[in-house]
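Here are the chains, one letter per residue:
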Amino acid sequence: MLSDEFLLKLAGEYGTPLFVYDGDMVVERYKALFNYIPYPRLRIQYALKANYNPGLLGLLRNAGAGLDTVSPGEVELALRLGFPRERIIYTANNMTDAEFRAVRETGVVMNIGSLSRLAKVAREFPGSRICLRFNPDVCDGDSAGTMTGGDLTKFGILLDAVDEVCSLVRSGNLKVVGLHEHTGSGLQHTESVFRSMENLMRIATPENFPDLEFLDFGGGFKVPYKPDEKRVDYYAMGAEIVARFNAFCRGYGRELDMLFEPGKYMVAECGHLLVEVNTIKHNRTRTIAGCNSGFPQLIRPVMYGAYHHIRNLSNPSGAPQLYDVCGNICETGDRFAEQRMLPEIREYDILSIENAGAYCYSMGGVYNLRPMPPEVVVSNGRVIARRRGLSNAQLAGMILEEMES
Ligand code: LLP
């Protein structure tokens, strides 16, 4: 855990807004999974979409992690960073033919999530080794926008379609080496993890899929975002996962690899977005603390109504007051927190927006032409990787360069 003094020092040194990541925490999280889920053939495929900072990815590569990737760009970055192709899975949805071909060329295992794509693969690339993504038919997640199972989502092949799947597989002589499901992000009930596993394991019979090497149960492990939120008992969850998977393997006839693809669990809590308050405004009913970042840099509160804890690093023992913590974007909804009790905020105070490691920078954009902030990765009390971020002039220059007259 990085101390407040250290965070303030980084804010002084690199300026704000600034993303700071605790690299040691990410590696600890990765390693801890092997204690929580004591299955000898466990493989962790970090969901790169959560945070693609190359410094963090380098730490995970060295620790032995694999990757869950969802676009040709992610595959390109993973390969360039030296992740072996055998440790990468490609799970795009609604991919184009061109994307499919490009990624197939790299040798990364393709995870197919629709009957129509499966039919094309059977026709055009007979004999391919593939993974199949099924919809686990379980609805869970930390918001409607992060649930990926059930009838209302675009993801995966319905479990009911397994006979059709098998006949397409036979028609193209395809080798199905893996089956996959992902239930949602921030799963509220560990029971959902088990139910989704069971639903996938039910169709993973040697009769349907004789060539399986792994089952991949996606991501979604929840971490606390609110200070009073309880952490999942990962040991109890892991023991249950292993018991169920062992029973499955006995029935299947041999031991398979067990894969998970956590994103939030690995990186959410490692990140802080440090911002500076530049304007305090007393409206009739609200006190507004206006800061030098905005929702394009951390969109989760606006997009999902997500709670991100905020701490006033410069005045931690100020008298508590209610604030709307707002950004610098020309939109009314540009708030990191509404009616939040915080130690008195003064102009030039530095706030730390917590749990800013997952789906914050990676979902960022440059709306209002404000460049994304720099990022630093810290390990052993030192900055080990730094991403500068663009200046205003560089951002304007890039836009002009992309124009064809
Ligand atoms: N595997 C697949 C196929 C996924 O689609 C995802 C997340 C994961 C793994 C990792 O899920 P995690 O362990 O991070 O929960 N932007 C949203 C979350 C969207 C997740 C998309 N897919 C948020 O900020 O809450």
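Residues numbered from 1 in each chain as written. Predicted model: local features only at pLDDT ≥ 70, side-chain atom pairs only at ≥ 80, totals over all residues. Heavy atoms only, no water.

Here's the deal with the overall build of the protein
A tally of regular secondary structure across the protein gives 12 helices and 18 strands. Taken over the C-alpha trace, the protein has a radius of gyration of 23 Å; the compact-globule value for 405 residues is 22 Å, and the two agree within 12%. Its C-alpha atoms give the protein principal-axis dimensions of about 70 × 60 × 40 Å. Of all 405 residues assigned to the protein, the portion counted as buried reaches 54%. (Helix = DSSP H or I, 4+ residues; strand = E, 2+ residues; numbered from the N terminus. Rg over C-alpha atoms; globule rule 2.2 N^0.38 Å. Buried < 20%, exposed > 50% of the residue type's maximum accessible area, 1.4 Å probe, protein only.)

Focus on the side chain of Thr 148
Mapped onto the secondary structure, Thr 148 falls in the loop between β6 (129-135) and β7 (157-158). With a relative accessible area of 8%, Thr 148 lands in the buried category. Apart from residues lying up to four places away in sequence, Thr 148 is in contact with Arg 133, Asp 140, Thr 153, Phe 155, His 182, Thr 183 and Gly 184. (Contact = heavy atoms within 4.5 Å.)

Some words on the packing of helix α6 (residues 115-124) against helix α7 (residues 162-171)
Closest axis-to-axis distance for the α6/α7 pair is 8 Å, and the angle between their directions is 20°. Taken as axis vectors, α6 and α7 run roughly parallel relative to one another. Taken as a pair, α6 and α7 cross one another with a handedness that is left-handed. For the pair α6 and α7, contact is made by Leu 115, Leu 118, Ala 119 and Ala 122 and by Glu 164, Val 165, Leu 168 and Ser 171, respectively. Residue composition of the contact of α6 with α7, by class: six nonpolar, one polar and one charged. (Axes fitted to C-alpha atoms, helices over the stretch in contact; angles between N-to-C directions. Parallel < 35°, antiparallel > 145°, perpendicular 65-115°, else oblique. Left-handed = near helix turned anticlockwise from the far one by under 90°. Nonpolar A, V, L, I, M, F, W, Y, C, P; charged D, E, K, R; others polar.)

Focus: the site of the ligand
What surrounds the ligand is a group of 19 residues, the closest being Ser 185, Glu 261, Arg 300, Tyr 304 and Tyr 359. Within the side chain of Ser 185, an N or O atom sits 2.5 Å from an oxygen atom of the ligand. Glu 261 places a side-chain nitrogen or oxygen 2.6 Å from a nitrogen atom of the ligand. Coverage of the ligand by the protein chains reaches 92% of its 580 Å² of free accessible surface. Along the lines of polarity and charge, the residues of the shell around the ligand split into five nonpolar, eight polar and six charged. Both domain 1 (23-267) and domain 2 (268-401) contribute no fewer than three residues apiece to the shell around the ligand. (Near = heavy atom within 4 Å. Polar contact = N/O pair within 3.5 Å; in protein donor to acceptor, adjacent residues only side chain to side chain. Areas by Shrake-Rupley, 256 points an atom, 1.4 Å probe, with all protein chains shown as cover. Domains from an automatic or database assignment.)

Side note on the nonpolar core
With 108 residues, the main nonpolar core has Leu 132, Phe 134, Leu 179, Phe 209, Leu 215 and Phe 245 as its most contacted residues. Looking at which element gives the most residues to this core, the answer is helix α9 (residues 234-252), with eight residues. Three or more residues apiece are contributed to this core by two domains, here domain 1 (23-267) and domain 2 (268-401). With residues up to four places along the chain from it excluded, the contact list for Phe 245 reads Tyr 39, Met 197, Met 201, Leu 215, Phe 217, Leu 256, Asp 257 and Met 258. Counting 12 residues, the second largest nonpolar core, distinct from the first, contains Leu 7, Ala 11, Leu 313 and Val 378. (Core = buried A, V, L, I, M, F, W, Y, C linked by side-chain atoms within 4.5 Å.)

Thoughts on the pairing of strand β10 (residues 257-260)
The side-chain alternation of β10 yields two buried faces, one formed by Asp 257 and Leu 259 and the other by Met 258 and Phe 260. In terms of strand pairing, strand β2 (residues 42-47) meets β10 through three bridges, oriented parallel. When the sheet's bridge partners are listed, Arg 43 is paired in β10 with Leu 259. Pairing geometry for strand β9 (residues 214-216) and β10, over three bridges, is parallel. Note on β10: the bridge partner recorded for Leu 215 is Met 258. (Pairing = 2+ DSSP bridges.)

A look at the environment of Thr 106
Structurally, Thr 106 can be placed in helix α5 (residues 97-106). Here the alpha-carbon distance between Thr 106 and Pro 72, two residues 34 residues apart in the chain, equals 10.0 Å. Each residue touching Thr 106, except ones within four places of it in the same chain, is listed here: Val 75, Leu 79 and Arg 85.

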